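Here are the chains, one letter per residue:
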Amino acid sequence: MKMFFRLSFPVQKLIPQRCSRIATTRSWKYKHKKDTGVFARPMLLQLQRSYSTSHQHILRNEHLESGDADVYKILSEDMKVIPDFITEQEEQSLLQEAMKVVKRLRYEFNHWDNAIHGYRETEKKNWNELNSQIIKNVQHLAFVQQDCPLAYVHILDLAQDGFIKPHVDAVRFCGDTIAGMSLLSSCVMRLAQESDKNMFANVHLPQRSLYIMKNRARYEFTHEVLKDEESFFDGKHISRQRRISIVCRNEPRPEDTS
Ligand code: OGA
Ligand code: MN
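In every chain, residue numbers begin from 1 and rise along the written sequence. The naming scheme follows written order: chains are lettered A onward, ligands numbered 1 onward. This being a predicted model, a pLDDT of at least 70 is required before a residue's local features are given, and a value of 80 or more before pairs of side-chain atoms are given or counted; all residues contribute to the totals for chains, interfaces and linings.

Asks: Can you walk me through the overall build of the protein in this structure?
Replies: Only DSSP runs of H or I reaching four residues or more are called helices, and only runs of E reaching two or more are called strands; each is numbered from the N terminus. Scanning the protein from N- to C-terminus turns up six helices and 15 strands. Across the 258 residues of the protein, 40% fall into the buried class. Partitioning the intrachain contacts of the protein with sequence separation of at least 6 by distance along the chain shows that 82% fall at a separation of at least 24. Residues with at least 20 neighbouring C-beta atoms inside 10 Å of their own are called buried, those with 12 or fewer are called exposed, and the rest are partly exposed, where every C-beta is derived from the backbone. Distance between backbone-placed C-beta atoms decides contact: two residues are in contact if it is within 7 Å.

Below you can see the structure in the form of structure tokens.
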């Protein structure tokens, strides 16, 4: 299995909020200073894209489907989807601010690290009042009290023909919870057990929904966003247009940063 790294976040901006939970003699930033080069990247596990289709019994709820009962059980707990988390108006408001910053960037198609194909991304700390409130709502729902949300929120603009390959976000750079809103398009996210890619589930993320991936879903499963032509849920094609995701993460676990 080929392993390499990908830059999920523009690392130069990964400056953490002050956080008492990991207050040490050295700040979080200092501890990572030497890592903020090209290798400050979430790990990507390059996995083959063939999956067993022999499952007889598909377990399914509104957003999750899997042919494996254990996977279904784990992800029913650790991968939540909240449909219509934002209104159309709120989506427009987020898009307006997000577009302003991404439009200056170029889409990466054949980037050396190749973890995401057809994308541009940035991070943003300061948002207008309405958008700050939406982000606060996400953080309030996704994180527990002792969690420290990263101050910079990740904006990922995936082109219509772009896709995200299976990977696990680097544990050194973000914590146990990843919470993302899908703007402009619905998609299917596939979560596969890192130890056995045939043990997977498909997760339907409708436009304007929020997903909260935590604990085992975050650490033990790879996640990917399928191409339009592979994008199926409950036997139906889920059209994958250009998609902008706004993703909130929390600070890494102290044991992962030393
Ligand atoms: C990532 C990622 C998911 C999303 O950027 O590492 O997996 O919802 N993004 O865009
Ligand atoms: Mn990721």
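Asks: What should I look at first to understand the packing of helix 3 (residues 88-102) against helix 4 (residues 129-142) in this one?
Replies: To describe two helices that pack against each other, one gives the angle between their axes and the distance between the axes. Angular values range over 0 to 180 degrees, each being the angle between N-to-C directions of two axes fitted as lines to C-alpha atoms, with helices fitted over their stretch in contact. One way to put it is that helix 3 packs onto helix 4 with a least axis distance of 9 Å and a crossing angle of 110°. It follows from the interaxial angle that helix 3 and helix 4 lie roughly perpendicular. Touching E90, S93, L94 and E97 of helix 3 are L130, N131 and I134, all from helix 4. Each residue gets one of three labels, nonpolar for Ala, Val, Leu, Ile, Met, Phe, Trp, Tyr, Cys and Pro, charged for Asp, Glu, Lys and Arg, and polar for the others, Gly among them. A breakdown of the residues in the contact of helix 3 with helix 4 according to their chemical character gives three nonpolar, two polar and two charged. Roughly parallel here means an angle under 35 degrees, roughly antiparallel means over 145, roughly perpendicular means 65 to 115, and every remaining angle is called oblique.

Asks: Can you walk me through the pairing of strand 10 (residues 196-205) in this structure?
Replies: The side chains of a regular strand alternate, first on one face of the sheet and then on the other. Taking burial as the measure, the ten residues of strand 10 include seven buried ones, the bulk of the element. Should DSSP find at least two bridges between two strands, the strands are regarded as paired. In terms of strand pairing, strand 9 (residues 187-193) meets strand 10 through seven bridges, oriented antiparallel. Each residue of the ladder has a partner; that of C187, found in strand 10, is L205. The antiparallel hairpin formed by strand 9 and strand 10 contains two residues in its connecting segment.

Asks: What exactly am I supposed to notice about the environment of G175 here?
Replies: Relative to the elements of secondary structure, G175 occurs in the loop between strand 7 (153-167) and strand 8 (177-183). With 75 residues separating them along the chain, G175 and N250 place their C-alpha atoms 5.0 Å apart. For G175, the contacting residues outside a window of four places in its chain are D147, R249, N250, E251, P252 and R253.

Asks: Sorry if this is basic, but what is going on with the nonpolar core here?
Replies: The nonpolar side chains of soluble globular proteins are, as a tendency, buried together. The nonpolar core criterion groups buried Ala, Val, Leu, Ile, Met, Phe, Trp, Tyr and Cys residues into a set whenever they are joined through C-beta atoms within 7 Å. Counting 53 residues, the largest nonpolar core has L75, M79, A179, L191, V203, Y211 and I246 as the members making the most contacts within it. For this core, the leading source of residues is strand 7, giving six residues. Excluding residues within four positions of it along the chain, I246 makes contact with L94, A98, V153, I155, G180, M181 and L183.

Asks: I'm lost on the pairing of strand 9 in this one. Help?
Replies: Of all seven residues making up strand 9, six are buried, and the element is well covered by its neighbours. In the sheet, strand 9 pairs with strand 12 (residues 221-225) via five bridges, with the strands oriented antiparallel. What sits directly across from Q193, in strand 12, is F221.

Asks: Please explain helix 3 as it appears in this structure.
Replies: Note: α-helices contain 3.6 residues per turn, so residues at a spacing of three or four share the same orientation. A helix is expected to reach a length of 1.5 Å times the quantity of its residues less one. Taking 1.5 Å per residue, 15 residues should reach 21 Å; helix 3 reaches 20 Å between its end C-alpha atoms and fits that length. Within helix 3, burial applies to E91, L94 and A98. When helix 3 is viewed along its axis, its buried side chains cluster within an angular range of 70° and face the same direction. Opposite the buried face of helix 3, by more than 90 degrees, sit the exposed residues Q89, Q92, Q96 and K100. Buried positions along helix 3 lie against helix 4, strand 7, strand 8 and strand 15 (243-249). Arc definition: it is the arc formed by the directions from the helix axis to the C-beta atoms.

Asks: Looking at this structure, how should I read the environment of E97?
Replies: For E97, the position within the fold is in helix 3. Non-local contacts of E97, meaning those with residues more than four positions away in its chain, are made with W127, N128 and N131.

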